[in-house]
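Listed below, chain by chain, are the residues.
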Amino acid sequence: MFLHFFDTQGSRMLQRSVFIVTVIITLLTVSPLRAEEQPAEKGTVFTFWPLVDYRTSPREHFSNLSLLGPLIKVQQQGDERTVAVRPLVYREADRQSDSSTTDYLYPIASSESSPAVTTLQVLKLYQANIYRRDEGPAAEKSTMLFPFYISGVSKKYGPYTSVFPIYGDIYERFWRDEYHYVLFPLYGRTVNKGTTTRNYLYPIFSLISGDHEWGFQCWPLYGQAEKDGVYRRRFALWPIFMQEERGLDTDNPTRKLMVLPFYAATDSPELTNRYYLWPFFGYANDRRNKVDETYYLWPFIMTARGERTVNRILPFYDEERGKETLKYWYLWPLYRHDEITSASFVEKNDRILYFLFTDKREQWPVDGKERRQMALWPLFTFDRDEHGIKNFAFLAPLEPIVSRPGIEQSWSPLWRIYVQRWNDAGDSAVSFLWNLYWHERRGHDLAYEFFPLLAYRSEADETDVRLLKGLVRYRVVHGKATLSFLWLPFGISWQKAAGTAAPVATETGGEP
């Protein structure tokens, strides 16, 4: 109930606020700087920078309202609706599927709502989930304020509650079947796949029991455990001495012995590994992967020969080759190259100082498609998708470091002072300073504006030029020219001679 109220009420308040602001600004600006009078099927463009930017394209069932530059956005694309108050809230809703997702000051908090699930999380520490696999009481609920409060329902064990560190029961979470504790770390018990471990003053004292299984430890002095025919292990003065036998019931039983730092050994049918005076010298014979490795002052100096070859002298040079892979460093971390090559896919990735400059190229030779992504921190990002559509954005203080949809939606528009999108056919869209200057071209159609000085639009059999938002306006429609002043709806008209009509266009109605 709380999750549903939080999500729906927050959305309604956001939409009402956007509506009120839109009405106020429209009333202030509708005269004499009114929206362009265009036939409905051609769409509308109305700008009053930086307060309002409103665009529609009925043919594409698209509308977009931006207020105060990139701060507020309301967009409708078919059944999909987007509402944003950046960077506080970004919400996407799909009317057809009755679902929505919302980010609150990404990545601080987010919520999701659909017929199957309702979730809310804050920093992944607080989580509240409702899973409606069936209607009514059959819905599964869980709540967590990690690590202090955890509650939920397990199909196998039933309801559970944990109030850390006083008392708790947790079922089928955090990689174990059961957790039980009282005044942690005084006492705790875990169960996983039939093995029960009891801890006293965790991690110092513990007892292990199960089917033909037993063990104990007094860490770090001594401990041992075994399960008949499955494993045996023990340690003394951890981590100085450790001995282990595992996988005894498999085709690859493995035995390990460590007496650090003097000697360490691993033996199995698939692997032989030795270290002497670790980490100064070691070698490995990996029979499964057909590779022999030699280490000198691991991990700085290493060689490998076989199905995989490695030549490493860090931080100066590192090269690793596989059957379809290639990776090398020069003056780590100055320059790195990664490569994957196969008959169906090729990927090459170059990086300088991790994220300072990146260049990633992908190819699908069979399909004849390719994709490329470039970034120079903190200046720009560039990408070309497999359909040949290119995007360029300036500035980019976060995108080269953390490339996430949430960053693109909630944060990137706030600092992207220049954005361009184009394709090989010549179609393009440009925005500078959040549409102080914007430019759109589709085929022979063209529209651009430099607020408030000049606006130009050319489409089909119509050309429209406006100075100072229509203080002076020149318009040609079906060969008839009109010159008007002072935003008046009439002016001086005359018929143009044949063959002198200006070239023409249609606006895309989209956000650059």
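Residues numbered from 1 in each chain as written. Predicted model: local features only at pLDDT ≥ 70, side-chain atom pairs only at ≥ 80, totals over all residues. Heavy atoms only, no water.

A. Fine view of the overall build of the protein. Looking only at helices and strands, the protein features three helices and 46 strands. By the burial criterion, 37% of the 512 residues in the protein qualify as buried. Considering only contacts in the protein between residues 6 or more positions apart, those separated by 24 or more positions represent 17%. Accessible surface for the protein amounts to roughly 29300 Å². Of this, 63% is attributable to carbon and sulfur atoms. (Helix = DSSP H or I, 4+ residues; strand = E, 2+ residues; numbered from the N terminus. Buried < 20%, exposed > 50% of the residue type's maximum accessible area, 1.4 Å probe, protein only. Contact = heavy atoms within 4.5 Å. Areas by Shrake-Rupley, 256 points an atom, 1.4 Å probe, with all protein chains shown as cover.)

B. Here's a closer look at the side chain of S142. Tracing the backbone through its elements, the reader meets S142 in strand β11 (residues 140-145). Using a relative accessible area of 14% as the deciding quantity, one classes S142 as buried. When residues no more than four places from it in sequence are discounted, the contact partners of S142 are Q127, A128, N129, S151, G152 and R173.

C. Region of the structure containing the pattern of salt bridges. Scanning all chains against the criterion turns up 29 salt bridges. Among the salt bridges present, the one from D350 reaches R361, with a minimum N-O distance of 2.6 Å. Residue D350 is found in strand β33 (residues 346-352), and its partner R361 is found in strand β34 (residues 357-364); the two are separated by eleven residues along the sequence. Look at D350 and you get buried, because its relative accessible area is 12%. Taken together, the shared-partner salt bridges in this structure form one network comprising E293, R308, E320 and K327. (Salt bridge = Lys/Arg side-chain N within 4 Å of Asp/Glu carboxyl O.)

D. Region of interest: unusual backbone geometry. Note that the residue after Y106, namely P107, is joined by a cis bond; omega there is 5 degrees. Its location among the elements puts P107 in the loop between β7 (99-104) and β8 (109-113).

E. Structural view of the packing of aromatic side chains. Taken as a whole and assessed by the stated rule, the structure comprises 30 aromatic pairs. Their ring planes at 85 degrees and their centres at 5.6 Å tell us that F48 and F451 sit as a pair that is edge-to-face. Here F48, found in strand β1 (residues 44-48), pairs with F451, found in the loop between β41 (445-450) and β42 (454-459); they are 403 residues apart in sequence, far enough to count as distant. This pair shows no difference in class: F48 is buried, exactly as F451 is. Seen in terms of ring centroids, F382 and W422 are 6.2 Å apart; in terms of plane orientation they differ by 40 degrees. Their pairing is tilted. Here F382, found in strand β36 (residues 380-384), pairs with W422, found in strand β38 (residues 418-422); they are 40 residues apart in sequence, far enough to count as distant. Given the relative accessible area of 15%, F382 is considered buried. (Phe/Tyr/Trp six-rings, centres within 6.5 Å; stacked < 30°, edge-to-face > 60°.)

F. Structural detail: the confidence of the model for the protein. Here the protein averages 89 in pLDDT, and 88% of its residues register 70 or above. Low pLDDT (under 50) marks residues 1-6, which in the prediction has eleven contacts with non-local residues, meaning those over four places away or in another chain. Note on residues 24-37: pLDDT under 50 across the span, and 23 contacts to partners over four residues away in sequence or across chains. (pLDDT = per-residue confidence, 0-100.)

G. Up close: the pairing of β7. Judged from the six bridges that link them, strand β6 (residues 89-94) and β7 form a sheet pairing that is antiparallel. Paired with R91 across the bridge in β7 is T102. As consecutive antiparallel partners, β6 and β7 are separated by four residues, and within that stretch D98 has a phi angle of approximately 55 degrees, a positive value. Where β7 meets β8, five bridges bridge the pair, whose relative direction is antiparallel. In the sheet register, S100 faces β8, and the bridge partner there is S113. Between β7 and β8, which pair antiparallel one after the other, the connecting turn spans four residues, and L105 there sits at a positive phi close to 45 degrees. (Pairing = 2+ DSSP bridges.)

H. Structural context of the environment of P333. Mapped onto the fold, P333 is located in the loop between β31 (325-330) and β32 (335-341). Relative accessible area serves as the criterion here: at 24%, P333 is assigned to the partly exposed category. Here the alpha-carbon distance between P333 and Y317, two residues 16 residues apart in the chain, equals 9.9 Å. Ignoring anything within four residues of it in the chain, the contact list for P333 reads L353 and Y354.

I. Here's a closer look at the nonpolar core. Residues F46, F48, V52, L65, L67, I72, V74, V83, L436 and F451 constitute the largest nonpolar core, which totals ten residues. Where this core is concerned, the elements lending two or more residues are β1, β3 (62-67) and β4 (72-77). (Core = buried A, V, L, I, M, F, W, Y, C linked by side-chain atoms within 4.5 Å.)

J. Representation of the environment of L71. Structurally, L71 is set in the loop between β3 and β4. For the pair formed by L71 and A84, sequence separation is 13 residues and the distance between their alpha carbons is 7.5 Å. Apart from the residues lying within four places of it in its own chain, the contact partners of L71 are A84, V85, R86 and L414.

K. Just the pairing of β36, in detail. Direction of pairing for strand β35 (residues 369-376) relative to β36: antiparallel, over a ladder of five bridges. Of the residues in β36, the one forming a bridge with R372 is R384. Where β35 folds back onto β36 in an antiparallel hairpin, the turn is made up of three residues. Where β36 meets strand β37 (residues 390-394), five bridges bridge the pair, whose relative direction is antiparallel. Following the sheet pairing, T381 is matched in β37 by A393.

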